[in-house]
Amino acid sequence: MPVIQLRQALREAMSEEMDRDENVFLMGEEVAQYNGAYKVSEGMLEKYGPRRIIDTPISEAGFSGLGVGAACMGLRPIIEFMSWSFTWVCMDQIVNNAANVRYMSGGQYKVPIVFRGGNGIAHQLAATHSHRMESVYARIPGLIVVAPSTPAEAKGLLKSSIRCDDPVIFLENEKMLNEMGEVPDPKDGDFTLPLGIANVERPGKDVTIVSYGRALARVVRPAVEHLANDHGIDAEVIDLRTLRPLDTTTVINSVKKTNRCVIVDEDWGYCGMGSGILFKLQKPLFDYLDAPIEYVHSDEIPVPYNHYLEEAMLPSVDRIVASVKEACYR
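What you see is a predicted model, and the numbers here were worked out from it, not measured in a lab. (Residues numbered from 1 in each chain as written. Predicted model: local features only at pLDDT ≥ 70, side-chain atom pairs only at ≥ 80, totals over all residues. Heavy atoms only, no water.)

**Q** What am I meant to see in the side chain of threonine 258 here?
**A** Residue placement: threonine 258 occurs in helix 9 (residues 248-258). Overall, the relative accessible area of 2% leaves threonine 258 in the buried class. Reaching out from threonine 258, the side chain makes a polar contact with the backbone oxygen of arginine 260 at a distance of 3.0 Å. Here threonine 258 is in contact with Gly204, Lys205, Asp206, Val207, Thr208 and Glu236, once residues within four sequence places are set aside. (Helix = DSSP H or I, 4+ residues; strand = E, 2+ residues; numbered from the N terminus. Buried < 20%, exposed > 50% of the residue type's maximum accessible area, 1.4 Å probe, protein only. Polar contact = N/O pair within 3.5 Å; in protein donor to acceptor, adjacent residues only side chain to side chain. Contact = heavy atoms within 4.5 Å.)

Right, dumping it as structure tokens:
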């Protein structure tokens, strides 16, 4: 399989779907003439033209609303945000309109739209550009929320998201765009991954670690290797992939085997994504847990601009190792 960057995997997914379906188009700030703020859409204007790769003014509320209307009329828009932090200004379009139109119309209108872009803490973007928006949108019925952790997941999940008849919140991360990974070659067939299904990335017997997105890529994978090599702890890793709907069945079956669970994300802890996951697990797992569920998250502060303070507030390998050892009574 070819090894490509995550940004290229996203571009391949969008291009393949635009080739497959003429109703798919991309819209957002600088996606066309500038080739994308992060070069995800590089070359797509030249290939598909200005009717399908559309630059917009700096108005998230405006072009998000336009996209919802286009989706209701049968098109399949992909709306790119430079940052999910900017969607605080278009929550009415996403939460009140995109999420509710299909239900409130009695199914007369579908809303096949994908909202995608950079989510979470990147590099010294400070408090107003570093929000982790997964817990904001994952609590809204009518939305599907996706968070890939590899280039292959980015491609397979984005293709499925574009084909979905419901609105999808697709959470990338700016600092993951350069990450490399194997992705199935388009010549080998149509590669998609199902929405709403978690992946048992690494089988294990001592503890289940549940994570997604950048936290999984940045600290969970190295922490798991450290636990195995230095502490003799065999961790099972669950990559959630989709945060709504949450695949609780896969996680519950894993914890029934290991009897211990640690959740890791980059959200704040209070009312964070991990708190919502923990709520879904604690009752069905009550009789199977040998220790309380641990939750490793970012510190409860606005994200600092200073690089070292920014790094210090995030989950770390050491914090994950300590939480796993606590759950395993080591």
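**Q** I tried to follow unusual backbone geometry on my own but got confused; where do I start?
**A** Glycine aside, negative phi is the norm for most residues, and most peptide bonds take the trans geometry. A cis amide bond, omega 0 degrees, links arginine 244 with the succeeding residue proline 245. Summarising the element assignment, proline 245 is placed in the loop between strand 12 (242-244) and helix 9. A positive phi angle is found at glutamine 124, which is not glycine, with a value near 55 degrees. In this fold, glutamine 124 is placed in the loop between strand 5 (114-118) and helix 6 (134-137).

**Q** Sorry if this is basic, but what is going on with the pairing of strand 4 (residues 76-81) here?
**A** Every other side chain in a regular strand lies on the same face of the sheet, so the side chains alternate between the two faces. With six of six residues buried, strand 4 is to be regarded as a mostly interior element. Burial along strand 4 is two-sided: Arg76, Ile78 and Glu80 and Pro77, Ile79 and Phe81, pointing in opposite directions, are all buried. Pairing of strand 2 (residues 24-28) with strand 4, which is carried by five bridges, proceeds in the parallel orientation. Along strand 4, the bridge assignment pairs phenylalanine 25 with proline 77. Across four bridges, the pairing between strand 4 and strand 5 is parallel. Looking at the pairing, phenylalanine 81 lines up with glycine 117 of strand 5. (Pairing = 2+ DSSP bridges.)

Geometric values such as these leave the question of function open.
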